[in-house]
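One-letter residues, chain by chain:
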Amino acid sequence: MKSLEDLHKLREKLKADIKLRKDEGTKIIVGMGTCGIAAGAREVMSAILDELAVRKLLNVQVQQTGCIGMCEKEVLVDVIRPGEPRITYGKVKPEDVKKIIAEHVVNGRIVEELVVGKLEQE
Amino acid sequence: MQHIRAHVLVCGGTGCKSAGSKEIQLGFAKYLEEYGLQNEVMLVETGCHGFCEHGPLVIVYPEGTFYCHVKPEDVKEIVESHLYKGRIVERLLYREPLSHEQVPNYSEIGFYKKQQRLVLANCGAINPEMIEEYIAVGGYEALAKAVTTMTPEEVVDEVKKSGLRGRGGGGFPTGMKWQFAKNSVSDKKYVICNADEGDPGAFMDRSVLEGDPHRVLEGMAICGYAIGADEGYIYVRAEYPLAIKRLRTAIEQAEKMGLLGENIFGSGFNFTLHIKEGAGAFVCGEETALMASIEGKRGMPRPRPPFPAVSGLWGKPTNINNVETFANVAQIIVNGADWYCQYGTERSKGTKVFALTGKINNTGLAEVPMGITMREIIYDIGGGITNGKKFKAVQIGGPSGGCLPESMLDLPVDYDSLIAAGAMMGSGGLVVMDEDTCMVDVAKFFLNFTQSESCGKCTPCREGTKRMLEILTRITEGQGREGDIELLENLAKNIKETALCGLGQTAPNPVLSTLKYFRDEYEAHIKEKRCPAGVCEKLASYTITDACRGCGLCARNCPVQAISGKIKEKHVINQDICIKCGACMAACPFKAITKG
Ligand SMILES: Cc1cc2nc3c(=O)[nH]c(=O)nc-3n(C[C@H](O)[C@H](O)[C@H](O)COP(=O)(O)O)c2cc1C
Ligand code: SF4
Ligand code: SF4
Ligand code: FES
């Protein structure tokens, strides 16, 4: 390392690795209740992680939640972009993941046909 | 590459390690693999969070869930329930001591909420064995800024302007100290980091070294640049093997990246660092004794002047600072002195890390802005006194410090107020005592420590502390005489004025401060042969109260037949025969015997 710029470049590269420990960026939350898992939540989760890796979307957080009582709509996936309402998608299949990420996570366009709920952030 | 969706931080500080955190880490590695999560969940070993009492600690991000007292058999449940299914394992969450409420989130815990973690910001948040994580959170930015865009003079000025004062005890202005070393003309100068941490109960320096070693290295390198030194030593006590190991790793990594060594950031500035393991005597923390020890001589203080800034290690100008002092430097250079000055009081800037121990609910390391009151530290952060007892005193500053009573709880904690109150900041040890504490006994405890640590070089300290200890001992044994208090005061004054080094000069402080605030307790011991707190065994007297049912059990258990009384009537203890063994009190089924 020979200059301040070298340090900055290295830092930009490394920053993504620990970003998760700060509460920022877009969140994707997958319902992992028993019914969710039975409906294929693990597969959806894997598809999400793969897609994020392919697109190098390092500042997107993926969280899980338990059953929220809409079992017949599982697999449920929530997307929260900073400062925007929480959008809940239902009956998500692994093959829907690419679309949700490309449209909503990256470009902010909600995939209306899969939406089952909207929640304004408090 | 996989997308990492969660980080599991397992505390690898000394406290949690000794509570078994290594096994927990191995458990996570095993179960993450078993559940096929090893590529999406990252396992990180961190340094101490300062909450060792509740360890081993595990923190899971992105939620920031704080699990405490984690046992190896809990790991599977955390993996399956939290990491696989997204359900927090509630039974492992922290509970507030007073409200008994569970707190899932790290940042919401009372112990952390009122803290201002600047120096400790990375402790527990990054992996101390990976320089990459330190750089990711902004590490080495200050060093780069200093050596490529500032003159040494500008660096010294910035530190002066920040108002930073030494965290090793004395509180000397750091910028001024750097200026003296800079002004000394010499072909060779040294920077020394004092990591001896001899104050019993203090462990903030260890935690910083274990949890964020690069921060200290960076501070030292900046100091080297400012004063014109190209070599430095870190003097660490040998009882800190983990800190030493992490320091070695950190130095190696920094050298490999060119952040230590030659021509740093292409500026022409060279700086190398060595580690020196100390043997552990308390007096070796004194700066002149410490340098003698690095030189391979016996660790004994010498008179100052000359000060280290003029003639230090091997006779060369040397700047010596404490670990926490160096750990403050990088943020001052990056954010500027004005930013730093927003924390603290007029004459004590920034934050201080305290080690909270004693009869307090939350023991651990707490970093607070200077000027916060003792009450806030003890009640808001410390969670109050254990078992609902009453607060009696707080001992601050370790063996050189003093004891403050309830009436001083609203005192702002800064260098000057503490000195004025008869205590001192010291290294930041804070021992909270409840109503069951005997203040004469406490003074004796601390004096006993300094007396046995005196190096013996000068008479007032060697002989004077011995005399004082004799007097205290006889007071606690019921042999105190009229005039003992005055004798203690005279001796204390003499030692303070004539001892060679800080050890002797401050040794009488615990006695003087307890005499100032708890004189009546000394008098009770001497005149009434009574220990109000019922601690001093030889002064204790056992009495039977009206709760006595006359069962006779105590009389049968008394080894010297000091108890008499008719069955079904109240019994009495003959104080002239009683040898204060306490057997009766233990035997009484009705708690009818009190000690006082
Ligand atoms: C008996 C004695 C023990 C000391 N122990 C320590 C110690 O363990 N750590 C420390 O940093 N300073 C200790 N000091 C203070 C050092 O002599 C010195 O003042 C300090 O390292 C300067 O650093 P600072 O200006 O950053 O506080 C001790 C002083 C005395 C008299
Ligand atoms: S004051 Fe005590 S510790 Fe210091 S030099 Fe004198 S004898 Fe040694
Ligand atoms: S044991 Fe207790 S209750 Fe029984 S005689 Fe002694 S003091 Fe009274
Ligand atoms: S060692 Fe884990 S919190 Fe201190």
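Residues numbered from 1 in each chain as written. Chains lettered and ligands numbered in written order. Predicted model: local features only at pLDDT ≥ 70, side-chain atom pairs only at ≥ 80, totals over all residues. Heavy atoms only, no water.

Engineer: Mind showing me how you'd approach the overall build of chain A here?
Structural biologist: Counting its secondary structure elements, chain A contains four helices and five strands. Ordered by position from N to C terminus, the α and β elements of chain A give α-β-α-α-β-β-β-α-β. Excluding contacts between residues fewer than 6 apart, the proportion of contacts in chain A whose partners are at least 24 apart in sequence is 65%. Charge separation in chain A, taken as the distance between the mean sites of 21 positive and 20 negative side-chain charges, equals 5 Å. (Helix = DSSP H or I, 4+ residues; strand = E, 2+ residues; numbered from the N terminus. Contact = heavy atoms within 4.5 Å. Lys, Arg positive; Asp, Glu negative; His and termini not counted. Charge placed at Lys NZ, Arg CZ, Asp CG, Glu CD.)

Engineer: When you look at the site of ligand 1 in this model, what are you seeing that I'm missing?
Structural biologist: Residues and elements named next belong to chain B. Ligand 1 sits among 18 residues. The nearest are Gly-168, Lys-177, Asn-321, Asn-322 and Thr-325. Gly-168 is positioned such that a nitrogen or oxygen atom in its backbone is 2.7 Å from an oxygen atom of ligand 1. In the environment of ligand 1, an oxygen atom lies 2.8 Å from a nitrogen or oxygen atom belonging to the side chain of Asn-322. The pocket occupied by ligand 1, as judged from atoms lying within 2 Å of grid points, is the largest pocket. Contributing elements (two or more residues each) for the shell around ligand 1: strand E11 (318-322) and helix H20 (502-506). If you tally residues by element for the shell around ligand 1, the top one is E11, at three residues. Taken together, the residues of the shell around ligand 1 break down into three nonpolar, nine polar and six charged. (Near = heavy atom within 4 Å. Polar contact = N/O pair within 3.5 Å; in protein donor to acceptor, adjacent residues only side chain to side chain. 1 Å grid on protein atoms, 1.4 Å probe; cavity = no way out; pocket = protein on both sides within 12 Å on 5 of 7 lines; lining within 4 Å. Sits in = over half its atoms within 2 Å of the grid points. Nonpolar A, V, L, I, M, F, W, Y, C, P; charged D, E, K, R; others polar.)

Engineer: Just to check I follow, could you spell out the nonpolar core for this structure?
Structural biologist: Most often, soluble globular proteins have nonpolar side chains that are buried together. All names here are of chain B. Of all hydrophobic cores here, the largest spans 76 residues; its most connected members are Tyr-140 and Trp-178. Here the element with the most residues in this core is helix H10 (residues 213-227); it accounts for nine residues. For this core, the two domains that each supply at least three residues are domain 2 (131-341) and domain 3 (351-434). In this structure, Leu-57, Ile-360, Ile-396 and Leu-409 belong to the second largest nonpolar core, which totals 43 residues. (Core = buried A, V, L, I, M, F, W, Y, C linked by side-chain atoms within 4.5 Å. Buried < 20%, exposed > 50% of the residue type's maximum accessible area, 1.4 Å probe, protein only. Domains from an automatic or database assignment.)

Engineer: Could you clarify how one ought to interpret helix H13 (residues 323-335) of chain B in this entry?
Structural biologist: In an α-helix, one full turn covers 3.6 residues, which means residues spaced three or four apart are oriented alike. With 11 of 13 residues buried, H13(B) is to be regarded as a mostly interior element. What H13(B) keeps buried is the set Val323(B), Glu324(B), Thr325(B), Phe326(B), Ala327(B), Asn328(B), Val329(B), Ala330(B), Gln331(B), Ile332(B) and Ile333(B).

Engineer: What should I look at first to understand the sheet that holds strand E7 (residues 190-195) of chain B in this one?
Structural biologist: Two orientations exist for strands paired in a sheet by backbone hydrogen bonds: parallel and antiparallel. All names here are of chain B. Strand order in the open sheet formed by five strands is E9-E10-E8-E7-E11, and the pairing between neighbours is mixed. Looking at which strands have only one partner, the edges of the open sheet turn out to be strand E9 (261-264) and E11. Each adjacent strand pair in this sheet contributes to an overall mean axis angle of 25°, direction not counted. Relative to strand E10 (residues 269-278), E9 is paired through two bridges, and the arrangement is antiparallel. By the bridge assignment for E10, Gly-261 is matched with Phe-271. (Pairing = 2+ DSSP bridges. Axes fitted to C-alpha atoms, helices over the stretch in contact; angles between N-to-C directions.)

Engineer: Sorry if this is basic, but what is going on with the site of ligand 2 here?
Structural biologist: Ligand 2 sits among 13 residues. The nearest are Cys455(B), Lys457(B), Cys458(B), Cys461(B) and Cys501(B). A per-class count over the shell around ligand 2 returns nine nonpolar, three polar and one charged.

Engineer: Where do I start with the side chain of Arg81(A) in this structure?
Structural biologist: All names here are of chain A. With respect to the helices, strands and loops of the structure, Arg-81 is situated in the loop between strand E3 (77-80) and strand E4 (86-89). For Arg-81, a relative accessible area of 19% corresponds to the buried category. Among the polar contacts listed, one links the side chain of Arg-81 to the backbone oxygen of Val-105, at a separation of 2.7 Å. Setting aside anything within four residues of it in sequence, one finds Arg-81 in contact with Thr-26, His-104, Val-105, Val-106, Asn-107 and Gly-108.

Engineer: Mind showing me how you'd approach the domain arrangement of chain B here?
Structural biologist: Size of an interface, as often reported, equals the accessible area lost when the parts are brought together. Residue and element names in this part refer to chain B. Once the domains are mapped, chain B shows domain 1 (6-109), domain 2 (131-341), domain 3 (351-434), domain 4 (439-527) and domain 5 (541-595). A straight line from the C-alpha centre of domain 3 to that of domain 4 covers 22 Å. Of the roughly 1,200 Å² buried between domain 3 and domain 4, counting both surfaces, carbon and sulfur atoms make up 68%. Where domain 3 packs against domain 4, one counts one salt bridge. The partner of Lys-392 in a salt bridge is Glu-521, with the nearest N and O atoms 2.6 Å apart. Across the domain 3-domain 4 interface, the total number found is five residue pairs in polar contact (both at pLDDT 80 or more). Secondary structure elements with two or more residues in the side of domain 3 that touches domain 4: strand E14 (391-396) and strand E15 (402-405). Here the element with the most residues in the side of domain 3 that touches domain 4 is E15; it accounts for four residues. (Buried area = accessible area lost by both parts, 1.4 Å probe. Salt bridge = Lys/Arg side-chain N within 4 Å of Asp/Glu carboxyl O.)

Engineer: Quick question: what am I supposed to make of the interface of chain B and chain A here?
Structural biologist: Listed as interface residues are 43 residues of chain B and, on the opposing side, 34 residues of chain A. The largest per-residue losses of area from chain B upon contact with chain A belong to His3(B), Arg5(B) and Tyr84(B), which jointly make up 21% of the total buried on that side. Our count for the contact surface shared by chain B and chain A stands at two salt bridges. The interface formed by chain B and chain A includes nine residue pairs in polar contact (both at pLDDT 80 or more). Counting only elements with at least two residues in the side of chain B that touches chain A, the list comes to strand E1 (6-11), strand E2 (41-46), helix H3 (75-84), helix H5 (131-136), helix H6 (141-149) and E9 of chain B. Each residue belonging to the side of chain B that touches chain A can be placed in one class, and the counts come to 21 nonpolar, 12 polar and 10 charged.

Engineer: I keep staring at a nonpolar patch on the surface and nothing clicks. Help me out?
Structural biologist: A grouping of Phe172(B), Met176(B) and Phe180(B) is seen on the molecular surface, where their side chains present a nonpolar patch of about 290 Å² in accessible area. Exposure remark for Phe180(B): the relative accessible area of 44% places this residue in the partly exposed category. (Patch = residues over 30% accessible without salt bridge, like charges linked within 9 Å, V, L, I, M, F, W, Y side chains within 5 Å. Areas by Shrake-Rupley, 256 points an atom, 1.4 Å probe, with all protein chains shown as cover.)

Engineer: Even after reading the chapter, I still don't get the layout of surface pockets, so can you show me in this structure?
Structural biologist: It is a probe the size of a water molecule, rolled over the atoms, that shows where empty space is left. All names here are of chain B. Taken as a whole, the largest pocket encloses approximately 1,300 Å³ of empty space. As for the largest pocket, its lining consists of 47 residues, of which Gly-168, Gly-169, Gly-170, Gly-285 and Glu-287 are closest to the centre. Elements supplying a minimum of two residues to the lining of the largest pocket: helix H8 (174-183), E11, helix H16 (415-420) and H20. In terms of residue count, E11 provides more of the lining of the largest pocket than any other element does, five residues in total. Among the residues forming the lining of the largest pocket, the class breakdown is 15 nonpolar, 21 polar and 11 charged. (Points joined across faces, edges and corners; volume = space filled by probe spheres on them.)

Engineer: Got a minute to help me understand the packing of aromatic side chains in this structure?
Structural biologist: Both the distance between ring centres and the angle between the ring planes are used here to describe each pair of aromatic rings. All names here are of chain B. One pass over the structure, following the stated rule, counts 19 aromatic pairs over all chains. Where Phe-66 meets Tyr-112, the ring centres are 6.0 Å apart and the plane angle is 70°; that geometry is what we call edge-to-face. Taken as a pair, Phe-66 in strand E4 (residues 65-67) and Tyr-112 in helix H4 (residues 110-113) lie far apart in primary sequence, 46 residues in all. Of the two residues examined, Phe-66 and Tyr-112, each falls in the buried class. By the ring-pair criterion, three or more aromatic residues cluster together here, those being Phe-51, Phe-66, Tyr-94, Tyr-106, Phe-111 and Tyr-112. The ring of Tyr-240 has Arg-206 lying over it, and the distance from NZ or CZ to the ring centre is 5.9 Å. (Phe/Tyr/Trp six-rings, centres within 6.5 Å; stacked < 30°, edge-to-face > 60°. Lys NZ or Arg CZ within 6 Å of the ring centre and 35° of its normal.)

Engineer: Can you walk me through the confidence of the model for chain B in this structure?
Structural biologist: Close inspection of predicted coordinates is inappropriate in any region flagged by low pLDDT. Averaged over every residue, the pLDDT of chain B is 93; the share at 70 or more is 100%. Listed scores for the predicted complex are pTM 0.88 and ipTM 0.78. (pLDDT = per-residue confidence, 0-100.)

Engineer: How should I be thinking about the environment of Ile78(B) in this particular structure?
Structural biologist: All names here are of chain B. Its place among the elements puts Ile-78 in helix H3. Once the C-alpha coordinates of Ile-78 and Ala-492 are considered, the two residues, 414 residues apart in sequence, prove to be 57 Å apart. In this structure, Ile-78 is in contact with Phe-28, Tyr-67, Val-70, Leu-83, Val-89 and Leu-92, ignoring residues within four places of it in sequence.

Engineer: Please explain the packing of helix H7 (residues 152-162) of chain B against H10(B) as it appears in this structure.
Structural biologist: All names here are of chain B. Contact geometry for H7 and H10: axes closest at 7 Å, N-to-C directions at 120°. When the axis of H7 is compared with that of H10, the two are oblique. Like other packed secondary-structure pairs, H7 and H10 cross with a definite hand, here left-handed. Contacts between H7 and H10 involve Pro-152, Val-155 and Val-156 from the first element and Ile-222, Tyr-225 and Ala-226 from the second. (Parallel < 35°, antiparallel > 145°, perpendicular 65-115°, else oblique. Left-handed = near helix turned anticlockwise from the far one by under 90°.)

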